Amino acid sequence: MNLKRKIYQELKQWKTLRHAEKLKKCLLVKGARQVGKSYIIREFGEKEYRSFLNIDFFRQPGFKAIFDGELTSNEILKRITAYVRGFELIPGETLIFLDEIQCCGNARTAIKFLAEDQRFDVISSGSLLGLTYGEDDDENTEIPDSVPVGYESQITMYSLDFEEFLWACGYDPAAIETLHEYFQTGKTIPAAIHKKYEAIFREYIVVGGMPEVVADYAVNSDFNRVDRIQRDILAEYRDDISKHAKGKEKQLVRMCYDAIPKQLAKEQKKFQYSTVEKGKTRRKYGGSVQWLADSAMVHACYNIREPYLPLMANANEDQFKLYINDTGLLCCMYGFETKLAVLNDTIMGNARGGIYENVISESLIKRGYLLYYYKPDSIHELEFLLEKDGSVIPVEVKAGNRATPSLNQYIEQYKPICAYKLTNTRNGKVDVKETLPHYMVMFL
């Protein structure tokens, strides 16, 4: 099944900019495993160029020889024609895709020289590119002699967001635009429409956004098949930890990853090292947490000392939450009965709040926001603070329609231009506080 992805337009924008302004930069597409990077780049190359070449250094290690010796673009092109029969270079209409580029250090070094050649475009991608070379223990990963600083544009790809999920499941884009109009105008969503989209959003929570999972679900509507595919992806993630984490970190990273669902099921969701191993601290597990964040398998959300711009300058790096990069995978880690309770909207307790926090966190990441929260004391907490329109915007997340004392206190003290309460009820607004149903996070 061909999934429509928003990142396709970003690829087109990069091509337009490179050609119109003679941009001397290649493109690097980063992201966690299984989010569809290779698929979308191949689709882009086949549709948008007359000549397209895909080199996968992991599956085709012999092609690394193309980047041995002199690394000028002319010499590289000569070797390509020697190794790839029938390849035709069409100036301005050729894309070369270097996949699993972490397996060929010379190819990463050569990006600098390839970027300057306006006859063809180059996109590269690979696994766990967020890791620094010192963090990656995979024997296939090669350290380049030179990283192409200044010659690479970088974009990050994620699993499908809720709107992309709706597209995949056949929902009319016009109906989604109608939802957007309710968001923009503030008119109350009709009860029947609200009930429908809350139910679909719960399906999205359980299915998640991994392309393979969504494509199968859109065709078969089978949650057992969803669960099997998700378990396979989780197994691959854990294999990645065993393969790429270094030495003793292999076990520590795995323990940290498996502890996140337990932590999110607690009342206090701030990550505590004691959840991984009783009595242990950052000294033992801090590097493992950083590895998970760099690998894009999790997203970190930092507590803010004071809610002023720039938020990163006020972040407390010792106080953070960790969210799984795809909420469908989180639900799979909890088990099938938890999935059923989410679908039926009967899940109770702290895990309910953790699941909804997780799906909002990944939705915000996919909207381009960095993650911060605000907990000024032992009583009050705001799940997220956003940098938007030159201001700090507070967001409180409620799994149900509960009161918002933390948001109310924040509004009274800091006078934000707007504030959001995300809950399971219909939309409404009182002064600066706007109540939105969970699914409207796709419009923030």
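Above this text sits the structure in question.
Computed from a predicted structure; not experimentally measured.

What counts, and at which threshold
- Residues numbered from 1 in each chain as written.
- Predicted model: local features only at pLDDT ≥ 70, side-chain atom pairs only at ≥ 80, totals over all residues.
- Heavy atoms only, no water.
- Salt bridge = Lys/Arg side-chain N within 4 Å of Asp/Glu carboxyl O.
- Helix = DSSP H or I, 4+ residues; strand = E, 2+ residues; numbered from the N terminus.
- Buried < 20%, exposed > 50% of the residue type's maximum accessible area, 1.4 Å probe, protein only.
- Axes fitted to C-alpha atoms, helices over the stretch in contact; angles between N-to-C directions.
- Parallel < 35°, antiparallel > 145°, perpendicular 65-115°, else oblique.
- Contact = heavy atoms within 4.5 Å.
- Nonpolar A, V, L, I, M, F, W, Y, C, P; charged D, E, K, R; others polar.
- Expected span 1.5 Å × (residues − 1).
- Patch = residues over 30% accessible without salt bridge, like charges linked within 9 Å, V, L, I, M, F, W, Y side chains within 5 Å.
- Areas by Shrake-Rupley, 256 points an atom, 1.4 Å probe, with all protein chains shown as cover.
- Lys, Arg positive; Asp, Glu negative; His and termini not counted.
- Charge placed at Lys NZ, Arg CZ, Asp CG, Glu CD.
- Pairing = 2+ DSSP bridges.
- Disulfide = S-S within 2.5 Å.

1. Here's the deal with the pattern of salt bridges
- For the coordinates displayed, the defined rule picks out 25 salt bridges.
- Here K6 makes a salt bridge to D161, at a shortest N to O gap of 2.8 Å. Remark: D161 occurs in the loop between strand 5 (152–156) and helix 5 (162–168) and K6 occurs in the segment before helix 1 (7–20); sequence separation between them is 155 residues.
- In this structure K6 comes out as partly exposed when scored by relative accessible area, which is 29%.

2. Quick word on the packing of helix 7 (residues 191–207) against helix 15 (residues 350–366)
- One can describe the packing of helix 7 onto helix 15 by two numbers: an axis separation of 11 Å at closest approach and a directional angle of 85°. The angle between helix 7 and helix 15 falls in the class roughly perpendicular. Every residue of helix 15 that contacts helix 7 at F201, R202, Y204 and I205 is listed here: I355, Y356, V359, E362 and K366.
- Across the contact of helix 7 with helix 15, the residue classes tally to 6 nonpolar, no polar and 3 charged.

3. A short note on the side chain of E163
- On the secondary structure map, E163 appears in helix 5.
- For E163, a relative accessible area of 17% corresponds to the buried category.

4. Here's the deal with helix 12 (residues 282–294)
- For helix 12, built from 13 residues, the straight-helix expectation of 18 Å at 1.5 Å per residue is met to within 8% by its first-to-last C-alpha distance of 17 Å.
- Turning to helix 12, the residues buried within the fold contact helix 9 (223–244), helix 10 (249–264), helix 11 (273–276), strand 6 (298–304) and strand 7 (315–324).
- Positioned one or two residues after helix 12, A296 has a phi angle of 70°, which is positive.

5. Remarks on a negative patch on the surface
- Side chains of E212, D232, E236 and D239 sit close together on the surface and give a patch of like negative charge.
- Here D239 lies in helix 9.

6. So, the sheet that holds strand 6
- Taken in spatial order, the 3 strands of this open sheet run 7-6-8, and their pairing is mixed. Taken across any chain shown, the strands that pair with only one partner, and hence form the sheet edges, are strand 7 and strand 8 (372–373).
- Where strand 6 meets strand 8, 2 bridges bridge the pair, whose relative direction is parallel. Residue Y302 lies in a different strand from strand 8, and its bridge partner there is Y372.
- Along the sheet, helix 10 makes contact with strand 6 and strand 7, crossing strand 7 at roughly 95°.

7. Quick look at the state of the cysteines
- Enumeration according to the criterion identifies 0 disulfides in this entry.
- For the unlinked cysteine C332, the closest cysteine sulfur is that of C331, found at 8.8 Å.
- On the accessibility criterion, C332 (1% relative accessible area) is buried.
- The thiol of C418 is not disulfide-bonded; the next cysteine sulfur, from C301, is found 18 Å away.

8. Remarks on the sheet that holds strand 11 (residues 419–423)
- On the basis of which strands lie adjacent, the open sheet formed by 5 strands has the order 9-10-11-13-12 and mixed pairing. Taken across any chain shown, the strands that pair with only one partner, and hence form the sheet edges, are strand 9 (384–388) and strand 12 (428–430). The mean angle between the axes of side-by-side strands here comes to 25°, regardless of whether they run parallel or antiparallel.
- Strand direction decides the pairing type here: strand 9 and strand 10 (residues 391–397), joined by 5 bridges, are antiparallel. Bridging across to strand 10, L386 finds its partner in I393.
- Together, strand 9, strand 10 and strand 11 form the strand contacts of helix 15, whose direction differs from that of strand 9 by roughly 15°.

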